[in-house]
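Coordinate analysis (summary)
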Amino acid sequence: LGGHLLRHLKRQSTCFRAMNRFMSCSPALTKMLGDTLLAKIGGAVLDNNTLTPTEKVLDSKKAVGLYFSDSSPESYGEDELFKSYLRLKESGKDDFEFVFVSLLPTKEDFNRRCSSLFWPAVPFEKVDEIKKLFSVTGTKPRLSLIDQDGKLITNDGLDLIVKYGKSLHPFTEERIKAIATEKQALLNDVVRAIFAGSIDPKARHAILVLGPAKLSPFVSNAARRLRALLGELEARHGPAAVRYLVWEDSARPAADAADAASGLPVVGTDRLLRGRLLDALCTQPDFSPAATPELVVLTRDRDSGAWTVTSTTEACHRMMLYGLGGFPWSDAAAAAIQEAEERRLQELRAAAASSLGHLRAGRGLQRGAGSSATFEDAGAVAARSDAVGLYFTSWYWLNTPNRARRGADVRHPEGGDAEASLARHTVTSCYEALRAAGRRFEVVYISADSSQAEFDQSMCAAPWLALPYEHRELAQDLRKLYQVNSGMIIVDASNGRIINYEGRMALECGADYWPFDDAAMERARTDELKLEQRRREEERAVETAEIALQEARPGPKAVLRRLRGPFGSMVLASGERRLGFGSFATVGAANCVVPPGGKGYYEVEIVECTAAGQVPYCPTVVSGGVVITCQRDAGNGAPMFRGRGSEVVHFF
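Conventions and cut-offs
Residues numbered from 1 in each chain as written. Predicted model: local features only at pLDDT ≥ 70, side-chain atom pairs only at ≥ 80, totals over all residues. Heavy atoms only, no water. Helix = DSSP H or I, 4+ residues; strand = E, 2+ residues; numbered from the N terminus. Buried < 20%, exposed > 50% of the residue type's maximum accessible area, 1.4 Å probe, protein only. Contact = heavy atoms within 4.5 Å. Areas by Shrake-Rupley, 256 points an atom, 1.4 Å probe, with all protein chains shown as cover. Polar contact = N/O pair within 3.5 Å; in protein donor to acceptor, adjacent residues only side chain to side chain. Pairing = 2+ DSSP bridges. Axes fitted to C-alpha atoms, helices over the stretch in contact; angles between N-to-C directions. Phe/Tyr/Trp six-rings, centres within 6.5 Å; stacked < 30°, edge-to-face > 60°. Lys NZ or Arg CZ within 6 Å of the ring centre and 35° of its normal. Parallel < 35°, antiparallel > 145°, perpendicular 65-115°, else oblique. Nonpolar A, V, L, I, M, F, W, Y, C, P; charged D, E, K, R; others polar. Core = buried A, V, L, I, M, F, W, Y, C linked by side-chain atoms within 4.5 Å. Salt bridge = Lys/Arg side-chain N within 4 Å of Asp/Glu carboxyl O. pLDDT = per-residue confidence, 0-100.

As a further point, take the overall build of the protein chain. Within the protein chain, the regular secondary structure consists of 22 helices and 28 strands. The buried share among the 652 residues of the protein chain stands at 44%. A fraction of 62% describes how many contacts in the protein chain between residues 6 or more apart in sequence connect residues 24 or more apart. Of the accessible surface of the protein chain, which amounts to about 34,200 Å², a share of 53% is contributed by carbon and sulfur atoms.

Its place among the elements puts S102 in strand β4 (residues 96-102). Residue class for S102 comes out buried when judged on its relative accessible area of 1%. Separated by 2.9 Å, the side chain of S102 and the backbone nitrogen of L104 make a polar contact. Setting aside anything within four residues of it in sequence, one finds S102 in contact with S69, F110, V127 and K131.

One open sheet accounts for five strands, arranged β9-β8-β7-β10-β11; its pairing is mixed. Edge positions in the sheet fall to β9 (266-268) and β11 (307-311), since each has one partner strand and no second. Across the sheet, the axes of successive neighbouring strands diverge by a mean angle of 30 degrees, strand direction being ignored. The strands touched by helix α8 (residues 173-195) within the sheet are β7 (205-211), β8 (240-246), β9, β10 (295-300) and β11, with β11 carrying the most contacts at an inclination of about 85 degrees. Packing of helix α9 (residues 217-237) onto the sheet brings it into contact with β7, β8 and β10, and relative to β7 it is tilted by some 170 degrees.

Inspection of the entire model under this criterion finds 22 aromatic pairs. Measuring from centroid to centroid gives 5.5 Å for Y85 and F98, while their planes differ by 35 degrees, and the two rings are tilted. Placement of Y85 in helix α4 (residues 78-90) and of F98 in strand β4 is noted, with a sequence separation of 13 residues between them. By relative accessible area, which is 4% here, Y85 ends up buried. An aromatic cluster of at least three residues, connected via ring pairs, comprises Y67, F82, Y85, F96, F98, F100, W119 and F171. Above the face of the F100 ring, R113 is positioned so that its terminal group lies 5.9 Å from the ring centre.

Our focus in this paragraph is the environment of R497. Relative to the elements of secondary structure, R497 occurs in the loop between β17 (487-492) and β18 (498-500). Sequence-wise, R497 and A387 are 110 residues apart; in three dimensions their C-alpha atoms are separated by 9.5 Å. Residue contacts for R497: discarding those within four places in its chain leaves I490, V491 and D492.

Each neighbour pair has its own omega, and for F327 with P328 the value is 10 degrees, a cis peptide bond. Tracing the backbone through its elements, the reader meets P328 in the loop between α13 (315-322) and α14 (331-352). Positive phi outside glycine occurs at S135, with the angle close to 55 degrees. By the element assignment, S135 lies in the loop between α6 (127-133) and β5 (142-147). By relative accessible area, S135 is classed as exposed at 59%.

It is worth spelling out the packing of α14 against helix α20 (residues 472-482) at this point. Running from N to C, α14 and α20 cross one another at 80 degrees; their axes reach a closest spacing of 10 Å. As the angle between them shows, α14 and α20 are arranged roughly perpendicular. Where α14 abuts α20, its residues E341, R344, L345, L348 and R349 lie against E473, L474, D477, L478, K480 and L481. Looking at side-chain class alone, the contact of α14 with α20 contains five nonpolar, no polar and six charged residues.

Moving on, we get to the pairing of strand β14 (residues 387-393). Buried residues dominate β14, accounting for seven of its seven residues. Relative to strand β15 (residues 441-447), β14 runs parallel, the two being bridged by seven bridges. Paired with F392 across the two strands is I446, which belongs to β15. Sheet analysis places β14 next to β17, joined by six bridges and oriented antiparallel. What sits directly across from G389, in β17, is I490.

Moving on, we come to the nonpolar core. F441, M459, W464, I490, L507 and F516 are the most contacted members of the largest nonpolar core, which has 27 residues in total. For this core, the elements supplying multiple residues, two or more each, are β14, α18 (418-436), β15, α19 (452-459), β17, α21 (503-509) and α22 (518-552). Here this core gets four residues from one element, more than from any other, and that element is α18. With near-sequence residues (within four places) excluded, L507 lies in contact with T426, V427, C430, F441, M488, I490 and F516. One finds V209, V219, V242 and F327 within the second-largest nonpolar core, a separate group that totals 26 residues.

Okay, the pairing of β17 next. Here β17 lies mainly inside the structure; six of its six residues are buried. Residues of β17 alternate between two faces, with G487, I489 and V491 on one and M488, I490 and D492 on the opposite face, all of them buried. Bridge count for β17 against β18 is two bridges, and the pairing is antiparallel. Bridging across to β18, I490 finds its partner in N500. The antiparallel pairing of β17 with β18 creates a hairpin that spans five residues between the two strands, and G496 there sits at a positive phi of about 75 degrees.

Next up on the list: the pattern of salt bridges. Taken as a whole, this structure holds 31 salt bridges when the rule is applied. A salt bridge links R343 to E339, with the shortest nitrogen-to-oxygen separation between them at 3.4 Å. On the criterion of helical spacing, the pair formed by R343 and E339 is a turn pair, its members being four residues apart in helix α14. Salt bridges sharing partners connect three or more residues here, namely R367, E376, R384, R435 and E442.

The next point concerns the confidence of the model for the protein chain. Model confidence for the protein chain is summarised by a mean pLDDT of 78, while 76% of its residues fall at 70 or above. The low-confidence segment residues 4-23 (pLDDT under 50) makes four contacts with residues lying over four places distant or belonging to another chain.

Another point: the side chain of N500. Structurally, N500 is set in strand β18. We classify N500 as buried; its relative accessible area is 9%. Reaching out from N500, the side chain makes a polar contact with the backbone oxygen of F516 at a distance of 3.0 Å. Ignoring any residue separated from it by four or fewer positions in sequence, one finds N500 in contact with M488, I489, I490, A506, F516 and M521.

Assignment of secondary structure puts D256 in helix α10 (residues 253-256). D256 sits 42 residues away from K214 along the chain, and the two C-alpha atoms are 6.9 Å apart. Every residue in contact with D256, bar those within four places of it in the chain, is listed here: A213, S250 and A251. Separated by 2.7 Å, the side chains of D256 and S250 make a polar contact.

The following block contains the structure:
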């Protein structure tokens, strides 16, 4: 009897151990995550007061994903993670669970997040221990996949979910390897379908432009750019297979997309091919299934012949930005370019501190244009100067292209439009006044011109120096160094210290404010305020005197006054019966009462228009007065005369 009972107890113990093994989570998970999790079994939304035993929450789960996140709106991959989770659960796949591990700074933030959380969460008190265990720092989201025994499968679960979605289930090492193999085979099949077996065996790269049949500004520009680069690209990197994929149903893709493709070979696509290509492209880490790239670069392995995705979402932007220098426009190529650029900028910063060393290139700085141009070393310029204005601009802003095309002399001060001509004239006048006064000041033109011809036109009558056009890469680096696209930076010629970031505005103040440092600019602002106040007082006096003249006229009269707008916005010459309106000014005769049943009339003649403006056909009666208004919108729905400006009118 004793032996029988002992055997029975052993069998029962074995049965309990088997049930524990198959019906609950391992002790390793409980030890790792704690005895309890915040979870509501069978509920849709987590109640942050519900503590549930970890064994019950993770019962029968073969894989667990620890989702480290601060749940910010821009959290990478959270939407795709949530969608994949729901789809798998709805399809009956219940052998896994995702557990939220907070990266939020406070428990209050954690509790707020838990009020709308769908999956279980580690209690806030246990978070730091788990973060330390998985070496998590910062707030970058991450999904660490572990098996039922707590063994780490991968820390890249979030990237894998973004790429593969629910296809990653059951989240094992074998499945991760298998799905990568499946995607590789799919990509090879899609490439064969696109090129229909006509791809050059020697081609190491395939470039696909994805665009509509009709002209699209961005994609069509990319196609033209690629077409222009193709010859040099193949000379450097060998033959490349290029196709323009019509990314829509088209009965005659070659004919429909002839203009959009800019001479690239055209391939039509159907819905199935487009879906298979997008599915294959999910092997690229930076690709989101919700977006379609404009340019895809594929690279073929020399030994196996298998195609891999080199660049997708950023490829088009990088091609336009870097040209062939960034090929194959991948993350690695872009990182190398940025690293080299940062090295150049560091060298420029160091050189700038030594007598304009960052401007030393080639023959030196140029004065004049064409065969009459002369050159001077940047060091010599620094030696004879106390300050140098680095003038970042272009021929476009110094001249008017339309006038130039009509044969106007771009050297003439009036050769540009009003704004560009005024800016050029004031900067030039101040520069020449400073030089005439013996100030040790120089200007160096840093060109943004698109051609040598434009550069020569900018310099043909310019009084200052310039960085020669052939040093365009240096000019671009200087723009990045000073973080400026257009304008003037005034620097100390001896040590490169920046004196004034708004150099053009400083020169427009005049030569009296040399050396354009903070103290001089404060003095300029004070003088400007005094000048503005004096001008306003003069305008007030003129306006008051004019109103007095109107009131002094004998007989019935309607005295026009400024009802809205600053002093100076109404210029009234009642003797000439001439009225000038400033921007959005309102002028009226508020004392002119129209009797009940009577009518008021006025007549205006538009004499001069300099900007957009309107005059109502009928007077607006306000508190018994007649108002003449000139503004963009009368506000009362009345018919408007549409002119070109602040108006000058005759009134009768």
